[in-house]
Each structure stands twice: as structure tokens, then as C-alpha cells.
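Residues per chain are reported as follows:
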Amino acid sequence: MMVLVGLVGGMSGLLIGYCTAIIAPALEFIARDFGLGAFLQGVAVSAVLLGGFVGALTAGGFIRRLGERPTLFVTALLFIAGSIGSGLSDTFVAWLVWRSITGLAVGAATMVGPLYVSETAPMHMRGALVSTVQLTITIGILASYLAGALWTASGDWQSMLLVGAVPGLLMLLVVAAVPESPRWYLLQGRVADAERAHLRLTGGKGDPLPAQQAAAVDGNWRQLFVGRNFMVLVLATGLFAFANLSGIDAILYYAPTIFAEVGFGGTYGPILATVGIGTINVLATIFAMAAIDRLGRRPLLIGGLIPMAVSLLVLAAVLLTGRGSDWSNIAAVTCLGLFVLAFGVSLGPLPYVLMSELFPLALRGPGMGTASAAAWGINVLVSLTFPVLVGAFGLALVFGVYGAVSVAALLFVVALVPETRGRSLELIEANLAAGRAMRDLGMPLASRSS
């Protein structure tokens, strides 16, 4: 059953990764067929991301009323419809509509996938299982690059998009095989249903079903902006904001264009270099999955942000001073690879894990939805502006700004992020209610006798 739980997160991530990143190899041919300039290319990239913003923002309401499992079903259906519709579109307007529908699914999956896994996984496996979302996002990204390599010679962007329907069908099968989250049942006051779902998940072994206070049922999204809950929202939203503002989206979505700029020529040069970056991303996330419940959240974040910042600042200097020479091309590609590697072990998986752990149960759905929506909103901003900013200021300055963002993210993590490795969700919530500092939410509860 834990394999199936992991697959729920895994299929969600696979679809997020493939359906967002497929624009990288497809964009050149879509722009050719629809006659798109630089700005409209940015609109084409951002359509699915804008849909992601709306989907993440609204998914929490569906979860609260219908449950996590029905929301996962609807999400899979939207992935299927959006992939087929965009692949068969013969006008740019129709294509934008279907890509926006795909975006609704992307946004919903971003929060409901990690939410379901975090609430059904045992606490000693929670970090690794939630990280399957980010791992399969990277696998989906790599798969999109491979699909691009397969159809680049023919320029067949339609086939690139249609393939996204296949994992959507698989997601439907996986969701049909798992129960509703016991914690969602508890939130609705349905204790008997929660016990049945918990028994099906655990087989009577593992972590006991947590007791739920009736007061938690009254939680609503407005409470996210009250007291201590607002600080959790700031932390979760901040991590996603820094992840997107670090430049990872620009690198992943415009990778072939970037590699062409730094010296990879020919039909296959940029796309093959892009496949290499996608492979690094997957391998880094596999390492993070293995380490997250052993080394902890804070060490991975801090250890990844330092090389992220250094690699981007060095990349900016290389592009500014030695662009066009053989050594600068090698240095630029090395910096990009190091950045993606460091991102994959830190700001890639950790925001998903931490947001699924820190929000109180009653606010976990709306909280994760709001944080995910903020991430997609910033993603839209970065993707829409990247080609325009590069045209106006050049790659060097843009990557220099992204490097400065990683420095700011490092300071943010050191000041606020708690260590939650091996801690139950109920302990973290109790510490939050007790007024402990954000960095101490994973600490043991104070003794009653003290």
C-alpha cells in the first residue's frame, strides 16, 4: 500500500514535470507554426503556469468539500483532456485554452499529491515519499526532453503534447487503488471511516491513527492570515518563491535556447545538452530522496543553496567577460550543471516536504493550495519575462540577479526553517499552537513539569 501511496505522488509529479517542461523542445516549432514573436512565446510558455496558479488556488476548496481522492481523479482527467486538446489544436487561441486546462491540473497536482502522501505515509518514510513528487517531476522533465529529441527532426510538437495523456490514464488507475486520507475523514468528523481507511493503509501495523480535536473542523482559509498560521504561510510561500525566482524555471523551460546561446549549435546540440541537464536533475533528486530522512531538511537546504548561489554568480561573470570562447562555453555549461545538481538536492524537493508538514491539519489543504498558487504565479512571472529580460539586458545580468536571489534564500532558510525529520505532524502542530519559534517547530514538546 505504501508503494501505491508513493505512486500517487509519483504520477502527480510525472505529469507536472512532463506537461510543464514539454514546452522547452516544442516551443521552436509551435512558434514557427503559429508565427509567434518573443512576447507571444513567453505567453505560450506561461499559459500552463497561469493555469497552475488558478488550479492550486482552487484545489483546496474542492478537497475540503469532496476529499483528496476525488480531487486526484478530477486532476487526472484534466491532464488527459488538456494534453489531447492542446496536441490537436490548429489555432494558437485554442492551443492556449487547452494548455491552460492542463495548467489547472498541474496546479491541483502540486498541492493534492504531496498533501495526500504526507497524510497517509508513516512519519519515518514521510520525507522520502513526499519527495517522490519532486523526483518524478524531474523524471517527467527528462522524459519531455527525450520526447523532444525524438521528434525534433520532424518538428512534430503535436506528438510531444499528446504523450502527456498516457501518464494521466495511469494516474486514474493508481488513485482507484488507494483509500481516502484518514486525516481528511477525521477533519470531517467521520471517525469510523478514518479507522477503516487507516486499517487499509497500514494493515494494522505502523503509526496509530492520531486523535483529532473537534475544534480543528472549524478551520477555514481566512485563518491562514491569523497569528502563527500566517508565519507558516510566509515560510511555505517563501520557499516556493525562492525556488522559482532562483532561475530554475527559466533554465528548464528555455534550456535549448540557453544552450544555443552558450555555444551548442546544430539541430541536436541544444536539445542533447538539455537532456544532460534533465539527467542531472533526476540523479540529484534521487540522492535527496535517500538523504532527506537521514540527513534532515535544514542540512540539505543549506548545503544546496550555497553552490546554487556560487554557480550562478560565476556563470554571470563568465558570460560577462569571456563569452564566445571555448573555455567560457565549458565553464557556462559546468555552472548550469552544478546549479541544477544543487537545486535538485535542496530547493527542488524540500518546499514540497516542508509545506506538507508545517500547516495545521485543518488548514493543510488551503495552506498548501495558497503556497502552491504563489509558486505558480511567480513561475508565470519568471517564464513570461525571461526572454524579454534576456533581450533587453543579456544573459549575464539575468543570471546574476538569480544568483543574488539564492543568497537571499540561504539567509531565509538559516533564519526560519525548522528541522522536522522524524517528527509527527501532530507534534509539529502542537509546537505551533504552543507559540514556539518557527525554527523550533520540530523540537520535542516541553515537559509539563518544567
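Per-chain numbering applies: the sequence of each chain, read as written, is numbered from 1 onward. This being a predicted model, a pLDDT of at least 70 is required before a residue's local features are given, and a value of 80 or more before pairs of side-chain atoms are given or counted; all residues contribute to the totals for chains, interfaces and linings. Side-chain metrics in this entry use all non-hydrogen atoms of the structure; hydrogen atoms and water are not considered.

Participant: Is there a simple way to think about the overall build of the protein in this case?
Facilitator: Put simply, DSSP H or I for four residues or longer makes a helix, DSSP E for two residues or longer makes a strand, and each gets a number counted from the N terminus. In terms of regular secondary structure, the protein is built from 20 helices and 0 strands. Over its C-alpha atoms, taken along the principal directions, the protein stretches across nearly 70 × 45 × 35 Å. Partly exposed describes any residue whose relative accessible area lies between the buried limit of under 20% and the exposed limit of over 50%, with all areas from a 1.4 Å probe on protein chains only and scaled to the type maximum. Counting every position in the protein, which comprises 450 residues, the buried fraction comes to 59%. By sequence separation, contacts in the protein at least 24 residues apart represent 82% of the contacts at least 6 residues apart. Within the protein, one finds 23 positive and 20 negative side-chain charges whose respective centroids are separated by 9 Å. We call two residues in contact whenever any of their non-hydrogen atoms come within 4.5 Å of each other. For this count, His and the chain ends are skipped, Lys and Arg are scored as positive, and Asp and Glu as negative. Working definition for charges: the position is that of NZ of Lys, CZ of Arg, CG of Asp or CD of Glu.

Participant: In this structure, what is going on with the pattern of salt bridges? I would like to understand it.
Facilitator: Note that side chains of opposite charge can pair when their charged atoms are close. Salt bridges are counted wherever a side-chain nitrogen of Lys or Arg sits within 4 Å of a carboxyl oxygen of Asp or Glu. For the structure on display, the rule yields 8 salt bridges. One salt bridge in this structure joins Asp 193 and Arg 190, with 2.9 Å as the shortest N-O distance. Residue Asp 193 is joined to Arg 196 by a salt bridge in which the shortest nitrogen-to-oxygen separation is 2.4 Å. Separated by 3 residues within a single helix, Asp 193 and Arg 196 lie in helix 10 (residues 191-202), roughly one turn from each other. On the basis of relative accessible area, Arg 196 is assigned to the exposed category, the value being 53%.

Participant: Honestly, the environment of Phe 29 in this entry has me stumped. Any pointers?
Facilitator: Looking at where Phe 29 falls in the secondary structure, it is placed in helix 2 (residues 23-34). On the basis of relative accessibility, which here comes to 6%, the residue Phe 29 falls in the buried class. Residues Phe 29 and Gly 204 lie 175 residues apart in sequence; the distance between their C-alpha atoms is 54 Å.

Participant: Got a minute to help me understand helix 8 (residues 165-176) in this structure?
Facilitator: Residues spaced three or four apart along an α-helix point in a common direction, a consequence of the helix completing one turn every 3.6 residues. Take the number of residues in a helix, subtract one, and multiply by 1.5 Å to get its expected span. The terminal C-alpha atoms of helix 8 lie 17 Å apart, and with 12 residues this matches the ideal 16 Å at 1.5 Å per residue to within 8%. Check the buried side of helix 8 and you find it contacts helix 1 (2-21), helix 4 (68-87) and helix 7 (157-162).

Participant: Can you help me understand the nonpolar core in this one?
Facilitator: With 141 residues, the main nonpolar core has Trp 95, Leu 347, Phe 386 and Phe 399 as its most contacted residues. The greatest single-element share of this core, amounting to 12 residues, is contributed by helix 5 (residues 92-120). When neighbours within four sequence positions are excluded, Phe 399 is seen to be in contact with Ile 251, Ile 258, Leu 312, Leu 315, Ala 316, Leu 319 and Leu 336. Within this scheme, the nonpolar core is defined by two criteria: the residues are buried Ala, Val, Leu, Ile, Met, Phe, Trp, Tyr or Cys, and they are joined through side-chain atoms within 4.5 Å.

Participant: Is there a simple way to explain the side chain of Ser 83 in this structure?
Facilitator: Along the polypeptide, Ser 83 turns up in helix 4. Residue classification places Ser 83 among the buried residues on the basis of a relative accessible area of 3%. If sequence neighbours within four positions are ignored, Ser 83 has contacts with Cys 19, Thr 102, Leu 161, Leu 162, Gly 164 and Ala 165.

Participant: Hey, could you run me through the packing of aromatic side chains in this one?
Facilitator: Two descriptors summarise a pair of aromatic rings, namely the distance from one centre to the other and the angle between the planes of the rings. Each Phe, Tyr or Trp ring (for Trp, its six-membered ring) is paired with any other whose centre lies within 6.5 Å, and the angle between the two planes then decides the class: stacked below 30 degrees, edge-to-face above 60, tilted in between. Evaluation of the coordinates by the stated rule reveals 10 aromatic pairs. A centroid spacing of 5.8 Å and a plane angle of 50 degrees characterise the contact between Phe 34 and Phe 92, whose relative ring orientation is tilted. Of this pair, Phe 34 sits in helix 2 while Phe 92 sits in helix 5; the two residues are 58 residues apart in sequence, bridging distant segments of the chain. Residue Phe 92 is classed as buried on the basis of its relative accessible area, which comes to 15%.

Participant: For this particular structure, what's the right way to read the packing of helix 4 against helix 5?
Facilitator: Helix-helix packing: each pair is described by the crossing angle between the helix axes and the interaxial distance. Here an angle of 0 to 180 degrees is reported between the N-to-C directions of two axes, which are lines fitted to C-alpha atoms, with helices fitted over the stretch in contact. Between helix 4 and helix 5, the least distance of the axes is 8 Å, while the angle of their chain directions is 150 degrees. On the basis of their axis angle, the class for helix 4 and helix 5 is roughly antiparallel. Considering the relative orientation of helix 4 and helix 5, their crossing is left-handed. When residues are grouped by polarity, Ala, Val, Leu, Ile, Met, Phe, Trp, Tyr, Cys and Pro land in nonpolar, Asp, Glu, Lys and Arg in charged, and all others, Gly among them, in polar. Its residues assigned to classes, the contact of helix 4 with helix 5 comprises 15 nonpolar, 8 polar and 3 charged. Angles are sorted into four bins: roughly parallel if under 35 degrees, roughly antiparallel if over 145, roughly perpendicular if 65 to 115, and oblique for all others. Two helices crossing with the near one rotated counterclockwise from the far one by less than a right angle form a left-handed crossing, whereas a clockwise rotation gives a right-handed crossing.

Participant: What exactly am I supposed to notice about the packing of helix 6 (residues 126-151) against helix 17 (residues 350-358) here?
Facilitator: Two numbers describe how helix 6 lies on helix 17: the axes approach to 8 Å, and their chain directions differ by 140 degrees. Here helix 6 lies oblique to helix 17, going by the angle between them. Of the two possible hands of crossing, helix 6 and helix 17 adopt the one that is right-handed. Taking contact as the criterion, the partners of Arg 126, Gly 127, Val 130, Ser 131, Val 133, Gln 134 and Ile 137 in helix 6 are, on helix 17, Tyr 352, Val 353, Ser 356 and Glu 357. When the residues that make up the contact of helix 6 with helix 17 are grouped by side-chain class, the tally is 5 nonpolar, 4 polar and 2 charged.

Participant: Please clarify how a nonpolar patch on the surface should be interpreted in this entry.
Facilitator: Every patch collects residues that have over 30% relative accessible area and no salt bridge, joining them within 9 Å if they carry like charges and within 5 Å if they are nonpolar side chains (Val, Leu, Ile, Met, Phe, Trp, Tyr). For every accessible area listed, the method is Shrake-Rupley and the probe measures 1.4 Å; residues are considered covered only by the protein chains on display. A cluster of nonpolar side chains, namely Trp 221, Phe 225, Phe 230 and Met 231, defines an oily patch on the protein surface of about 400 Å² accessible area. With respect to the helices and strands, the residue Phe 230 is situated in helix 11 (residues 227-245). According to the relative accessible area criterion, Phe 230 is partly exposed, its value standing at 37%.

Participant: Got a minute to help me understand helix 10 in this structure?
Facilitator: Between its terminal C-alpha atoms helix 10 stretches 16 Å, which fits the 16 Å expected from 12 residues at 1.5 Å a residue. Three or more residues of helix 10 are buried, namely Asp 193, Ala 194, Ala 197, His 198 and Leu 201. Viewed along the axis of helix 10, the buried residues span an arc of 130 degrees, placing them on a single side of the element. Away from the buried face of helix 10 by more than 90 degrees, exposed residues Arg 196 and Leu 199 are located. Packing partners of the buried residues in helix 10 comprise helix 1, helix 5 and helix 9 (182-187). One or two steps after helix 10, the chain reaches Gly 203, where phi turns positive at roughly 65 degrees. To obtain the arc, one takes the directions from the helix axis to the C-beta atoms.

That is the geometry; function is a separate question.
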